[in-house]
Amino acid sequence: MKVSENSVVTLDFTVTNTNGDILDSTEGKQPLEYLHGTGYLVAGLEVVLNDKVVGEDFDVTLSPEQAYGERDDGLVQSVPGELFDGMEVAEGDTFVAETDDGHRPVTIVEVAEEYVKVDGNHPLAGMTLTFKGVVREVREATEEELAHGHVHGEDGHDDHDHDHDHSGGCCGHKH
Ligand code: ZN
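Residues numbered from 1 in each chain as written. Predicted model: local features only at pLDDT ≥ 70, side-chain atom pairs only at ≥ 80, totals over all residues. Heavy atoms only, no water.

**Q** Would you take a moment to explain the sheet that holds strand β8 (residues 115–119) for this structure?
**A** Across a sheet, paired strands are connected by hydrogen bonds in the backbone, their directions being either parallel or antiparallel. Pairing within the open sheet is antiparallel, and its four strands lie in the order β5-β8-β7-β6. Strand pairing shows two members of the sheet lacking a second neighbour, β5 (76–80) and β6 (94–99), which therefore form its edges. Ignoring which end each strand starts from, the neighbouring axes of this sheet average 45° apart. (Pairing = 2+ DSSP bridges. Helix = DSSP H or I, 4+ residues; strand = E, 2+ residues; numbered from the N terminus. Axes fitted to C-alpha atoms, helices over the stretch in contact; angles between N-to-C directions.)

Below, the structure is given as structure tokens:
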């Protein structure tokens, strides 16, 4: 079957920047399994994967707009250090912040006495990125997966590390 809206796709892939540095890769790790058409992948990559079949490879270079967007300097903010009271924070740490737009990854760029400077841009924002890889598997999503908007493991519940908050097992919640 072909990759299409609401199919579950398993990929091996590597992401590189314009210098050829590897920024992310499934090599030596679990392949990525995701629900196609939900915006899980960056927009430009979903387009490229449409209609591919198992065994087909891809090699595409995406502008920031097609990938993680341009950097927004407005997302770099200094916040009072007391917000981090009791937490060990260091430059380069990342954490997930709750914002009006939902959960977003935030990187600590500077720790000063009175304030902590944080950057809410995606770490790959503003970059032209090359995605190379191969489609390993394509299957229909189950009704439950469609209802939840994400992939479940083979045994019927989430066994992945989700970026979003599914602590306690998302399949316990009712839709
Ligand atoms: Zn779920």
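Additional details are given in the paragraphs that follow.
**Q** Please clarify how the pairing of strand β1 (residues 7–16) should be interpreted in this entry.
**A** Along any regular strand the residues' side chains alternate between the sheet's two faces. Among the 10 residues of β1, 10 are classified as buried, and the element is accordingly described as predominantly covered. Of the two faces of β1, both are covered, the one formed by Ser7, Val9, Leu11, Phe13 and Val15 as well as the one formed by Val8, Thr10, Asp12, Thr14 and Thr16. Examined bridge by bridge, β1 and strand β9 (residues 129–140) share 10 bridges and lie antiparallel to one another. Paired with Ser7 across the two strands is Glu140, which belongs to β9. The pairing of β1 with strand β3 (residues 32–35) spans four bridges and is classified as antiparallel. By the bridge assignment, Thr10 is partnered in β3 with Glu33. In this structure, the hairpin formed by β1 and strand β2 (residues 22–25) is closed by a connection of five residues, where Gly20 is found at a positive phi of approximately 85°. (Buried < 20%, exposed > 50% of the residue type's maximum accessible area, 1.4 Å probe, protein only.)

**Q** Could you clarify how one ought to interpret the side chain of Lys52 in this entry?
**A** The topology assignment puts Lys52 in the loop between α1 (43–49) and β4 (57–62). Apart from the residues within four sequence positions on either side, Lys52 is in contact with Met1, Lys2, Val3, Asp57, Phe58 and Val135. (Contact = heavy atoms within 4.5 Å.)

**Q** Would you mind going over the nonpolar core with me for this structure?
**A** Generally speaking, nonpolar side chains in soluble globular proteins are found buried as a group. The biggest cluster of nonpolar side chains holds 20 residues, and the ones touching the most others in it are Leu11, Leu45, Leu49 and Phe131. If you list the elements that add at least two residues to this core, you get β1, β3, α1, β4 and β9. Every residue in contact with Phe131, bar those within four places of it in the chain, is listed here: Thr14, Val15, Val42, Leu45, Phe58, Asp59, Val60, Leu62 and Tyr68. Val79, Phe84, Val106 and Ile108 belong to the second-largest nonpolar core, a separate cluster that totals seven residues. (Core = buried A, V, L, I, M, F, W, Y, C linked by side-chain atoms within 4.5 Å.)

**Q** What is the right way to read the pattern of salt bridges from this model?
**A** Side chains bearing opposite charge may pair, as long as their charged atoms lie close to each other. In total, this model carries seven salt bridges according to the counting rule given. The salt bridge involving Asp119 is made with Arg71; its shortest N-O contact spans 2.9 Å. Separated by 48 residues along the polypeptide, Asp119 in strand β8 and Arg71 in the loop between β4 and β5 bring together distant segments of the chain. The residue Glu145 makes a salt bridge to Arg139 at a minimum N-O spacing of 3.0 Å. Residue Glu145 is classed as buried on the basis of its relative accessible area of 2%. Residue classification places Arg139 among the partly exposed residues on the basis of a relative accessible area of 25%. Salt bridges here are not isolated pairs; linked through shared partners, they connect Glu33, Arg139 and Glu145. (Salt bridge = Lys/Arg side-chain N within 4 Å of Asp/Glu carboxyl O.)

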